[in-house]
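Here's the letter readout for the chains.
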Amino acid sequence: MKAAVYWGCKIPTEQYAYEMSTRQVLPRFNIELVDLENVSCCGTPVRSVNTSAALYLSVRNLAIAGQTGLDNLLIPCNECHFMLSEARNRLDNDSEMQTKIQELLNEEGLEYPSNIKIWHTIDLLHDFVNIDTIRGKVRKPLEGLKFAVHPGCQIIRPSEIGRVDHPENPRKLDRLVEALGAQSIDYSEKLDCCGAALLYSHLDAALSLAGTKLRSVQTYGADGFVNTCPYCHTMYDARQKEAAATVGSKLTLSVVYYTQLLGHAIGIDHDKLGLHLNQSFDPERFTRRST
Amino acid sequence: MSLTDLMTMAKTDKELRKRIFTKLWRAHPDECFQCMRCTSGCTSLKLLELKPHEIVLLVNSGFIQELVSSDIIWTCASCLKCRERCPQNASPYNTILELRNLAVEREAKIPEAYMKAIAQILETGLTQPEQTATTRDMQPQNREKLGLPKLPYANDKFKTVFMKILGG
Ligand code: SF4
Ligand code: SF4
């Protein structure tokens, strides 16, 4: 498959590990990524200020992706994936809005509709590549390791616009982790939000949400925590120490992107996967039982 | 005739209520029957006392001005649980977004970070400039050192159009 890729803002300006590991892993499964020029923010922070301007930003990026003539578009960020999916749903069902936005797009010579299929890391790997193919490529099985998965909020809700997994009982990320030989634990806080959106206005509450979830996961004996969103990842990895201080616990969980875990299991060097950038990652613990 | 909140003497505002409703699309706060499913699962209930069913009730009753000048509309974590679970498609989430839009328009208290992100989008198209990352052993890293391609930048035409729509 040849797929356009829309990285958004957070990944390419800060969360380099997600970008590096995605670029490393996908070609191993015959997925070639095509970068987009002239793209902009998906509209997430703009939504609170002006919902029409946010919608315009989302559609504009879709139109640029459509210009490539490719059939598939990968959006690895949960927030961006939600914004662009929501924008498509709106424009395809609201012709008045479509006309309004198209007028703005005309000024840049861009055009909607774009029929490109939108993928996220989770469904691209689970539904397109598939579990058996992934299992077949594993060279360093993660046997004996236990992980808690965190799919995040925007990627599973709201189901009415089409999301990558069940809104209340998502299982795909669990199966992707199990395909690498590890165990994915069941835990009741799985759907709890990371709190990242509150960083803009309520830092302590945000950290408390992240810390409370990690504390539970640690109690259940998990070796690591797996996510697929740059916003969630920042809360659990880079801000883990702050989150621990906020909830008054010591937290020592290795937090990784799924693409990093997969890359490790299929034998890619840690530095190429950006694992040296994960602040919470403990290579010893991570590879203790898998060599 | 309009209602009056006897605690604060605030009046309801039909015009503002209408503004919120016309901007919403496939979200119907007026069909809310106060079942509180939204509030029972709300991410911000415990820590920040956000009660989405109350927000919806206040909007329906027309107490918009009170909401717009209150900090409570900025406590939503955007987890989308209320939108998913509401049996009436009221979408407290989208209702709160429109209240925030109104707050910005009326220059009520807005968290600075949002305005900063927008200023940055006007500059490069993205919400923040390239950040220096640090490895666990404290080595500074950037895209180039990590072997990643140059960042995409939105062209100048984009900025003009974006300005236009931001201005309404
Ligand atoms: S879940 Fe929907 S109908 Fe029930 S109280 Fe909340 S907004 Fe109203
Ligand atoms: S989207 Fe906002 S209001 Fe709705 S449940 Fe989540 S935090 Fe509460």
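Caption draft 1: Quick peek at the sheet that holds strand β6 (residues 183–184) of chain A. Residues and elements named next belong to chain A. Reading across the sheet, the four strands line up as β6-β5-β7-β8 and stay open at both edges, with parallel pairing between neighbours. Bordering the open sheet on either side are β6 and β8 (254–257), each of which pairs with just one other strand. Of the strands in this sheet, β5 (146–150), β7 (224–227) and β8 are in contact with helix α12 (residues 258–265), which crosses β8 at around 90 degrees.

Caption draft 2: Representation of the pattern of salt bridges. Considering all chains together, one arrives at 20 salt bridges over all chains under this definition. In this structure, the salt-bridge partner of E108 of chain A is R60 of chain A, at a minimum N-O distance of 2.7 Å. Taken together, the residues span a long stretch of sequence, with E108 of chain A in the loop between α6 (95–106) and β4 (117–119) and R60 of chain A in helix α4 (residues 51–67) at a distance of 48 residues. As far as burial versus exposure is concerned, E108 of chain A and R60 of chain A are alike and both buried. Note that D132 of chain A and R135 of chain A form a salt bridge whose closest N and O atoms lie 2.9 Å from each other. Of this pair, D132 of chain A and R135 of chain A both sit in helix α7 (residues 121–137), three residues apart, which is roughly one turn of that helix. Judged by relative accessible area, which is 55%, D132 of chain A ranks as exposed. Among the charged side chains, a salt-bridge network with shared partners connects E19, R23 and D35 of chain A together with R143 of chain B.

Caption draft 3: How the structure looks around the layout of surface pockets. Taken as a whole, the second largest pocket encloses approximately 840 Å³ of empty space. Taken together, 34 residues line the second largest pocket, and the ones lying closest to its centre are S52, L55, R90 and M97 of chain A together with K23 of chain B. Of the residues forming the lining of the second largest pocket, the biggest block, six residues, is contributed by α6 of chain A. Among the residues making up the lining of the second largest pocket, the classes are represented as twelve nonpolar, ten polar and twelve charged.

Caption draft 4: Quick look at the interface of chain B and chain A. The partner chain A presents 63 residues to the 61 residues of chain B that form the contact. Interface area, chain B with chain A, both sides summed: about 5600 Å², of which 61% is carbon and sulfur. The largest share of the area that chain B buries against chain A comes from W25, E84 and R136 of chain B, three residues that together contribute 13% of it. As a salt-bridge pair, R143 of chain B and E19 of chain A come within 2.8 Å of each other at their nearest N and O atoms. The interface formed by chain B and chain A holds 33 residue pairs in polar contact (both at pLDDT 80 or more) in total. Listing elements by their share of the side of chain B that touches chain A, those giving two or more residues are α3 (45–48), α6 (81–85), α7 (92–105), α8 (112–124), β1 (133–134) and α9 (156–166) of chain B. Considered class by class, the residues forming the side of chain B that touches chain A number 33 nonpolar, 15 polar and 13 charged.

Caption draft 5: Up close: the domain arrangement of chain A. All names here are of chain A. Domain annotation for chain A reports domain 1 (2–119) and domain 2 (139–287). Measuring from the centre of the C-alpha atoms in domain 1 to the corresponding centre in domain 2 gives 24 Å. In this assembly, 24 residues from domain 1 lie in contact with 30 residues from domain 2. With both sides pooled, the region where domain 1 packs onto domain 2 buries about 2300 Å², and carbon together with sulfur makes up 68% of that total. The interface formed by domain 1 and domain 2 includes seven residue pairs in polar contact (both at pLDDT 80 or more). Every element with two or more residues in the side of domain 1 that touches domain 2 is listed here: α1 (10–13), α2 (16–25) and α5 (78–93). At eight residues, the largest contribution of residues to the side of domain 1 that touches domain 2 is made by α2. Among the residues forming the side of domain 1 that touches domain 2, the class breakdown is eleven nonpolar, eight polar and five charged.

Caption draft 6: Layout of the nonpolar core. Counting 126 residues, the largest nonpolar core has Y56, L73, I134, Y258 and L261 of chain A together with F162 of chain B as its most contacted members. Ranked by the residues each element gives to this core, the list is headed by α4 of chain A, at ten residues. In this structure I134 of chain A touches F29, L125, V129, L176, A179, L180, Y258 and L262 of chain A, once residues within four positions along its chain are discounted. Core analysis: the second largest hydrophobic core is formed by 29 residues, L207 of chain A together with L48, A77 and C79 of chain B among them.

Caption draft 7: Broad picture of the confidence of the model for chain B. On average, chain B scores 93 in pLDDT, and the residues at 70 or more come to 95%. Interface confidence for the predicted complex, given as ipTM, is 0.95, next to a pTM of 0.96.

Caption draft 8: Seen up close, the side chain of N101 of chain B. With respect to the helices, strands and loops of the structure, N101 of chain B is situated in helix α7. Residue N101 of chain B is classed as buried on the basis of its relative accessible area of 4%. A polar side-chain atom of N101 of chain B sits 2.7 Å from the main-chain amide nitrogen of T51 of chain A. Setting aside its immediate chain neighbours within four residues, N101 of chain B contacts R47, S48, V49, N50 and T51 of chain A together with K23 of chain B.

Thresholds applied
Residues numbered from 1 in each chain as written. Chains lettered and ligands numbered in written order. Predicted model: local features only at pLDDT ≥ 70, side-chain atom pairs only at ≥ 80, totals over all residues. Heavy atoms only, no water. Pairing = 2+ DSSP bridges. Helix = DSSP H or I, 4+ residues; strand = E, 2+ residues; numbered from the N terminus. Contact = heavy atoms within 4.5 Å. Axes fitted to C-alpha atoms, helices over the stretch in contact; angles between N-to-C directions. Salt bridge = Lys/Arg side-chain N within 4 Å of Asp/Glu carboxyl O. Buried < 20%, exposed > 50% of the residue type's maximum accessible area, 1.4 Å probe, protein only. 1 Å grid on protein atoms, 1.4 Å probe; cavity = no way out; pocket = protein on both sides within 12 Å on 5 of 7 lines; lining within 4 Å. Points joined across faces, edges and corners; volume = space filled by probe spheres on them. Nonpolar A, V, L, I, M, F, W, Y, C, P; charged D, E, K, R; others polar. Buried area = accessible area lost by both parts, 1.4 Å probe. Polar contact = N/O pair within 3.5 Å; in protein donor to acceptor, adjacent residues only side chain to side chain. Domains from an automatic or database assignment. Core = buried A, V, L, I, M, F, W, Y, C linked by side-chain atoms within 4.5 Å. pLDDT = per-residue confidence, 0-100.

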